[in-house]
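Reading the structure
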Amino acid sequence: MKTKVERGNRVFPVSDHSSDIIGALQRELHRLGVQISLCTEVEKICVENEKITGIIISDDSQKQKQHFVDADAVIIATGGISYPATGSTGDGYRFAKHAA
């Protein structure tokens with residue numbers, strides 16, 4: 001994607017559409033075979049021998065309440081605790097502390 005640099009060294013797509021960035025990221029994640037789960041509540045990051053092994057998620061669609069997802073790397077977007085209107089609960093701090 002073509003980009004432009006504006007005042008303060010900020011980089012934007014030439015089109016000025018953030019959807020172009022989202023599309024590029026989605027294409028690359030799909031190419032790499034990355035599993036994406038939106039609107040999914042993560043209960044715990046599983047760590048063994050200082051290595052991530054997966055996550056435990058809430059799974060109300062199944063009879064069991066929690067479900068293990070095997071993974072050797074995870075990205076969890078929790079939002080910031082300072083803006084609870086977004087639904088953030090501060091879980092990111094708990095996950096980071098547990099994984100450290």
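Check the entry above for the structure.
First, a word on what this report is: a plain description of the structure on this page. (Residues numbered from 1 in each chain as written. Predicted model: local features only at pLDDT ≥ 70, side-chain atom pairs only at ≥ 80, totals over all residues. Heavy atoms only, no water.)

Let's talk about the pattern of salt bridges
The final tally for this structure, using the stated rule, is four salt bridges. Across the salt bridge formed by Glu-28 and Arg-31, the nearest N and O atoms sit 2.6 Å from each other. Separated by three residues within a single helix, Glu-28 and Arg-31 lie in helix H1 (residues 18-31), roughly one turn from each other. Taken together, the salt bridges that share partners define one network made up of Lys-4, Glu-6 and Asp-16. (Salt bridge = Lys/Arg side-chain N within 4 Å of Asp/Glu carboxyl O. Helix = DSSP H or I, 4+ residues; strand = E, 2+ residues; numbered from the N terminus.)

Describing the nonpolar core
One finds Val-42, Ile-45, Ile-55, Ile-57, Val-69 and Phe-95 forming the largest nonpolar core, which totals six residues. Among the secondary structure elements, those contributing two or more residues to this core are strand S3 (42-48) and strand S4 (51-58). Not counting the four nearest positions on each side in its chain, Ile-55 is found in contact with Val-42, Lys-44, Ile-45, Cys-46, His-67, Phe-68, Val-69, Val-74 and Ile-76. (Core = buried A, V, L, I, M, F, W, Y, C linked by side-chain atoms within 4.5 Å. Buried < 20%, exposed > 50% of the residue type's maximum accessible area, 1.4 Å probe, protein only. Contact = heavy atoms within 4.5 Å.)

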